[in-house]
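# Residue-level structural notes
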Amino acid sequence: LVLDHGVALEQFVDGPARTKALVVAEDMSWSDWINTGMIFIRTDSSWAQSLWADTWAHSHPRFHHVPFWDQSGLCQMLAKRQEFIPDVL
């Protein structure tokens, strides 16, 4: 949640996060690990591009027809690729 609109978004991906291809927020509900409503993605990252392509093409089809499917599909794909390794910055 950004309350001070005077703060540039770049400030959230400076420092240790500068080398990350994906920066997401934790979902505070019981349903998913991450909240895709707050996400930074490096669009020039081949890793991020393949992650989203895999999420769309290979996540369980049930996720494509329910609200917030992107969160569940992304969590499933990160787990399937053994890449869900939270790094707290």
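What you are looking at is a predicted structure, and each value in this text was computed from that prediction instead of being measured.

## Here's the deal with the overall build of the chain
Each helix and strand counted, the chain has two helices and two strands in total. Reading the chain from its N end, one meets helices and strands in the order β-β-α-α. A sequence separation of at least 24 residues applies to 44% of the contacts in the chain between residues at least 6 apart.

## Quick notes on the packing of helix α1 (residues 46-58) against helix α2 (residues 69-80)
For the pair α1 and α2, the least separation of the axes is 9 Å and the interaxial angle reads 110°. Comparing their axes, α2 and α1 come out roughly perpendicular. As α1 packs across α2, the resulting crossing turns out to be right-handed. Contacts between α1 and α2 involve W47, L51, W52, D54, T55, W56 and H58 from the former and W69, G73, L74, M77, L78 and K80 from the latter. Residues belonging to the contact of α1 with α2 are distributed by class as follows: eight nonpolar, three polar and two charged.

## Some remarks on the nonpolar core
Soluble, globular proteins show a tendency: their nonpolar side chains are buried together. Membership of the largest hydrophobic core is limited to seven residues, which are L22, I34, L51, L74, C75, M77 and L78. Ranked by residue count, the leading element in this core is α2, at four residues. Setting aside anything within four residues of it in sequence, one finds M77 in contact with L51, D54, T55, H58 and S59.

## Re the environment of Q71
Relative to the elements of secondary structure, Q71 occurs in helix α2. Note on Q71: relative accessible area 7%, which makes it buried. Here the alpha-carbon distance between Q71 and T55, two residues 16 residues apart in the chain, equals 9.9 Å. At 3.2 Å, the side chain of Q71 and the backbone nitrogen of T36 are in polar contact.

## Quick word on α1
Taking 1.5 Å as the rise per residue, α1 with 13 residues should run 18 Å; its terminal C-alpha atoms sit 17 Å apart, in good agreement. Its buried side turned inward, α1 meets β1 (22-26), β2 (34-41) and α2. N-capping of α1 is provided by S45, with a side-chain oxygen placed 3.3 Å from the backbone N of W47.

## Observations concerning the confidence of the model for the chain
Here the chain averages 79 in pLDDT, while 87% of its residues score no lower than 70. The secondary structure element of the chain with the lowest average pLDDT is β1, at 77, and the one with the highest is α1, at 91.

Conventions and cut-offs
Residues numbered from 1 in each chain as written. Predicted model: local features only at pLDDT ≥ 70, side-chain atom pairs only at ≥ 80, totals over all residues. Heavy atoms only, no water. Helix = DSSP H or I, 4+ residues; strand = E, 2+ residues; numbered from the N terminus. Contact = heavy atoms within 4.5 Å. Axes fitted to C-alpha atoms, helices over the stretch in contact; angles between N-to-C directions. Parallel < 35°, antiparallel > 145°, perpendicular 65-115°, else oblique. Left-handed = near helix turned anticlockwise from the far one by under 90°. Nonpolar A, V, L, I, M, F, W, Y, C, P; charged D, E, K, R; others polar. Core = buried A, V, L, I, M, F, W, Y, C linked by side-chain atoms within 4.5 Å. Buried < 20%, exposed > 50% of the residue type's maximum accessible area, 1.4 Å probe, protein only. Polar contact = N/O pair within 3.5 Å; in protein donor to acceptor, adjacent residues only side chain to side chain. Expected span 1.5 Å × (residues − 1). pLDDT = per-residue confidence, 0-100.

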